Amino acid sequence: MFQGYSQEAVDFMWGIRFNNERGWFLAHKDDYQQHLLAPTRELGQAVYDGLAAALPHEPLILKVSRIYRDARRLQGPYKDHLWFCVRTGDQDWTGRPAFYFEIAPDYYSYGMGFWAASAATMTRYRQQIDRDPKTLEKLVRQFDRQQVFQLTGPDYVRSKGQVSDLLRPWYQKKSLTLAHEVPLDESLYSPAFAARVTEDLKTLLPFYRYFAALCAAAE
């Protein structure tokens, strides 16, 4: 059960950022496993349980990232952050909507990403808006009234289509994420943090269903 992160988790992440080599990591591996990996897994399980209960017919799975980098990368052998996601399937999952949480030395972030959808999928997304703008307009109006998440993601350089000012920021995205990212704060150290993240993510369920239906229709 998630009991909150600790200062030791933050200290480890700063440590690996500035000492990104095998010897330092091995000397602090117990700190990583006990203070960063274990609570991240516990938080992930709590979030997964809440989302799975809200989406009983979705074959959701929980995936926690590895701290080891791809050997071909040049930034050092280890990541200075950890994340988990709640998603469906192992194949082409980056092109599907997924809930996520990430913790780093200087921030944490959570939300729902549709951040690696193919160009063809995003074309279908815009076609869906063209056919039925009102469905997304209703979701966007609700989204604009909340203050937790922001719409992020790269835009196309050239304007696409003709849509309302309300939908324009959504229509122009190459990919998108509904993200809450803030500096580390005291809430991380409380067991109540798990419930807060879960309940916040549940407010994104209408968007998850919207994008999941889009992917299902394409398949």
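Refer to the preceding data block for the structure.
Residues numbered from 1 in each chain as written. Predicted model: local features only at pLDDT ≥ 70, side-chain atom pairs only at ≥ 80, totals over all residues. Heavy atoms only, no water.

Enquirer: Which parts of the structure should I look at to understand the overall build of the chain?
Expert: The number of helices and strands found in the chain is eight helices and six strands. Tracing the chain from N to C terminus, the helices and strands come up as α-α-α-β-β-β-β-α-α-β-α-β-α-α. Burial status across the chain gives 45% buried among its 219 residues. Sequence-distant contacts in the chain: of pairs separated by 6 or more residues, those separated by 24 or more amount to 66%. Between the centroid of the 27 positive side chains of the chain and the centroid of its 26 negative side chains there is a distance of 9 Å. (Helix = DSSP H or I, 4+ residues; strand = E, 2+ residues; numbered from the N terminus. Buried < 20%, exposed > 50% of the residue type's maximum accessible area, 1.4 Å probe, protein only. Contact = heavy atoms within 4.5 Å. Lys, Arg positive; Asp, Glu negative; His and termini not counted. Charge placed at Lys NZ, Arg CZ, Asp CG, Glu CD.)

Enquirer: I'm lost on helix H3 (residues 29-54) in this one. Help?
Expert: Think of an α-helix as turning once every 3.6 residues; residues three or four places apart then point the same way. Taking 1.5 Å per residue as the helical rise, H3 with its 26 residues ought to reach 38 Å, and the 36 Å between its terminal C-alpha atoms agrees with that figure. Of all the bends in H3, the largest measures some 30 degrees and sits at Leu37, one to four residues before the proline Pro39. (Expected span 1.5 Å × (residues − 1). Bend = angle between axes of the 7 residues up to and from the residue.)

Enquirer: How do you make sense of the pattern of salt bridges when you look at a structure like this?
Expert: Two side chains bearing opposite charge may form a pair once their charged atoms approach each other closely. Under the definition given, this model contains four salt bridges. With a shortest N-O distance of 3.7 Å, Arg17 and Asp106 are connected by a salt bridge. With Arg17 in helix H1 (residues 7-18) and Asp106 in the loop between strand S3 (98-103) and strand S4 (108-114), this residue pair connects regions lying 89 residues apart in the sequence. A relative accessible area of 36% places Asp106 in the partly exposed class. (Salt bridge = Lys/Arg side-chain N within 4 Å of Asp/Glu carboxyl O.)

Enquirer: Even after reading the chapter, I still don't get the environment of Tyr68, so can you show me in this structure?
Expert: Within the element layout of this structure, Tyr68 appears in the loop between strand S1 (60-64) and strand S2 (82-88). Once residues lying within four places of it in the same chain are set aside, the contact partners of Tyr68 are Phe25, Lys29, Pro77, Tyr78 and Lys79.

Enquirer: Would you take a moment to explain the side chain of Arg126 for this structure?
Expert: Residue position: Arg126 is located in helix H4 (residues 119-131). Within the buried set, Arg126 has no salt-bridge partner at all; the shortest N-O distance to an opposite charge, 6.9 Å, is to Asp130. The residues contacting Arg126, other than those within four sequence positions of it, are Tyr156, Lys160, Tyr171 and Lys173.

Enquirer: Any chance you could explain helix H7 (residues 192-202) here in plain terms?
Expert: For H7, the full list of buried residues reads Phe193, Ala194, Val197, Thr198, Asp200 and Leu201. Burial along H7 is one-sided: seen end-on, the buried residues are contained in an arc of 165 degrees. (Arc of directions from axis to C-beta.)

Enquirer: Looking at this structure, I do not really get the packing of aromatic side chains. What am I missing?
Expert: What characterises a pair of aromatic rings is the spacing of the ring centres plus the angle enclosed by the ring planes. Counted under the stated rule, the structure contains 24 aromatic pairs. Relative to Phe18, the ring of Trp14 lies with its centre 5.9 Å away and its plane at 10 degrees, an arrangement referred to as stacked. Taken together, the residues Trp14 and Phe18, both in helix H1 and four residues apart, mark about one turn of the helix. Here Trp14 falls in the partly exposed class, since its relative accessible area comes to 34%. On the basis of relative accessible area, Phe18 is assigned to the exposed category, the value being 62%. Note on Tyr108 and Phe193: the rings are 5.3 Å apart at their centroids and 90 degrees apart in plane angle, and the pair reads as edge-to-face. One end of the pair, Tyr108, is in strand S4; the other, Phe193, is in helix H7, with 85 residues separating them in the sequence. Both residues of the pair, Tyr108 and Phe193, belong to the buried class. (Phe/Tyr/Trp six-rings, centres within 6.5 Å; stacked < 30°, edge-to-face > 60°.)

Enquirer: When you look at the pairing of strand S6 (residues 176-182) in this model, what are you seeing that I'm missing?
Expert: Looking along a regular strand, one sees side chains alternate from face to face of the sheet. For S6, the buried fraction is high: five of the seven residues fall into the buried class. Bridge analysis of S4 against S6 gives seven bridges, and the strand direction is antiparallel. Of the residues in S6, the one forming a bridge with Gly111 is Ala179. Relative to S6, strand S5 (residues 150-152) runs antiparallel, the two sharing three bridges. Considered in S6, the bridge of Gln150 is made with Ala179. (Pairing = 2+ DSSP bridges.)

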